[in-house]
Structures are given as C-alpha cells and as structure tokens.
Amino acid sequence: QKEGKVRFLGISLDSEEAAHAALDDSGFDTIQISYNLLDRSMEKTVFPKASTKKVGVIVKDGLGAGRLTPKYGLLSDTILRERIKKTEEAATQLGISLTEYAIRFILSHSSISTVILGTKKVEHLRANVRCVEDDSITEIIREKEALSSK
C-alpha cells in the first residue's frame with residue numbers, strides 16, 4: 001500500500017478466532033467471512049470490532065452453500081430442513097422467496113459492506129439485484145431477526 005501497488009488489503013477467514021486475529025493485526029481494510037441465517041456466529045463480537053476498527057466486512061456463503069434456496073428440501077438433516085422451512089414461511093408471509101429473505105437479512109446488518117453471491121442464471125441475478133432496490137421489506141426482516149436472536 002505504501003508503494004501504491006495495492007489500494008486495499010483484505011483477508012478471507014473461516015473462524016471467529018481468525019477474524020479477531022486479523023482485526024487485531026490492523027493491517028487489513030476488509031475481512032471476508034461466512035455469515036447467513038444459519039451461521040450468525042460473527043454477529044456478536046466480530047461485527048462490532050470491525051465497525052470500531054473501520055474494517056469492511058464482506059460476506060461469503062450468504063445462502064449457506066445453497067441451503068437457503070429451494071434446494072433445502074433435499075437436505076437429509078430433518079431438524080435443519082424444518083428450521084429452514086420456518087424461515088421460508090416467514091418469507092412467504094412477506095411475499096418474497098426464501099433466497100430473497102436470506103439476502104435481505106444479510107444486507108440489513110449495518111456492519112456488512114457487501115455480500116458475494118454467485119449465480120448461473122440471469123433471473124437469479126435480477127432477483128438478487130431487486131433485494132437492494134427496496135429497503136422496506138429489509139427493515140421488517142431486520143426487526144424480526146433481531147427479536148429471534150435474543
């Protein structure tokens with residue numbers, strides 16, 4: 001960075017411990033972490049620390065490796081499948097898909113800078129983009145999930 005060859009430096013991490021170590025290092029502008037409705041472990045300690053240190057948070061695995069899509073019905077873990085089904089029911093009550101609910105949940109967190117989402121289909125890309133166009137539903141999800149995490 002000092003030589004002008006790199007503008008920003010980031011690191012991709014897989015654990016809370018590694019995220020804290022990177023934040024303590026203070027050499028990184030961003031951290032990339034897994035975060036979704038099924039894995040909220042970074043929420044309580046990593047997000048506040050990143051905000052305090054002004055480090056951007058990039059979310060990977062926002063759809064839980066495809067588990068927060070209609071594919072969840074194929075899961076063999078019945079407890080997880082039922083948990084996701086309840087989330088899908090909450091999404092349906094709001095008139096949106098499970099996938100949109102999951103994306104909006106991530107975007108509702110003020111500590112998150114951006115989310116990486118991959119797709120092979122143009123219609124999925126368009127649906128993903130719609131998630132950032134209307135914040136009214138996102139606010140409802142934020143409030144609902146804040147209550148359920150307590």
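Scroll up to find the structure.
Residues numbered from 1 in each chain as written. Predicted model: local features only at pLDDT ≥ 70, side-chain atom pairs only at ≥ 80, totals over all residues. Heavy atoms only, no water.

### Points about the pattern of salt bridges
All told, the structure shown has five salt bridges when counted by the stated rule. With a closest N to O distance of 3.0 Å, Arg40 and Glu43 form a salt bridge. (Salt bridge = Lys/Arg side-chain N within 4 Å of Asp/Glu carboxyl O.)

### Description of the sheet that holds strand E2 (residues 30-34)
Here we have four strands laid out as an open sheet, ordered E1-E2-E3-E4, and parallel in their pairing. Taken across any chain shown, the strands that pair with only one partner, and hence form the sheet edges, are strand E1 (10-12) and strand E4 (114-115). (Pairing = 2+ DSSP bridges. Helix = DSSP H or I, 4+ residues; strand = E, 2+ residues; numbered from the N terminus.)

### Some points on the pairing of E2
As defined by bridge partners, E1 adjoins E2 across three bridges and the pair is classed as parallel. Its bridge partner being in E2, Ile11 is matched across the sheet by Ile31. Taken together, E1, helix H1 (residues 16-25) and E2 constitute a β-α-β crossover, and its handedness is right-handed. In terms of strand pairing, E2 meets strand E3 (residues 56-60) through five bridges, oriented parallel. Considered in E3, the bridge of Ser34 is made with Lys60. The parallel pair E2 and E3 is bridged by helix H2 (residues 46-52), and the resulting crossover is right-handed. (Right-handed = clockwise from strand over helix to strand, strands pointing away.)

### A look at the packing of aromatic side chains
Under the definition given, this model contains two aromatic pairs. Arranged with centres 5.5 Å apart and planes meeting at 25°, the rings of Tyr35 and Phe105 form a pair that is stacked. With Tyr35 in the loop between E2 and H2 and Phe105 in helix H4 (residues 98-107), the pair connects residues that are 70 residues apart, well separated along the chain. Each member of the pair, Tyr35 as well as Phe105, carries the same accessibility label: buried. Through successive ring pairs, a cluster of aromatic residues spans Tyr35, Phe47 and Phe105. (Phe/Tyr/Trp six-rings, centres within 6.5 Å; stacked < 30°, edge-to-face > 60°. Buried < 20%, exposed > 50% of the residue type's maximum accessible area, 1.4 Å probe, protein only.)

### Describing the packing of H4 against helix H5 (residues 122-133)
Where H4 contacts H5, the two axes come as close as 10 Å, and the packing angle between them is 40°. For the element pair H4 / H5, the angle class is oblique. Relative to H5, the crossing made by H4 is right-handed. The residues of H5 that touch H4, namely those facing Glu100, Ile103, Arg104 and Leu107, are Asn128, Arg130, Cys131 and Val132. (Axes fitted to C-alpha atoms, helices over the stretch in contact; angles between N-to-C directions. Parallel < 35°, antiparallel > 145°, perpendicular 65-115°, else oblique. Left-handed = near helix turned anticlockwise from the far one by under 90°. Contact = heavy atoms within 4.5 Å.)

### Comments concerning unusual backbone geometry
Positioned with a positive phi, Asp61 is a non-glycine residue whose angle comes to about 60°. Relative to the helices and strands, Asp61 resides in the loop between E3 and helix H3 (78-93). Here Asp61 falls in the partly exposed class, since its relative accessible area comes to 32%. Here Ala65, not a glycine, exhibits a phi torsion of approximately 55°, which is positive. Tracing the backbone through its elements, the reader meets Ala65 in the loop between E3 and H3.

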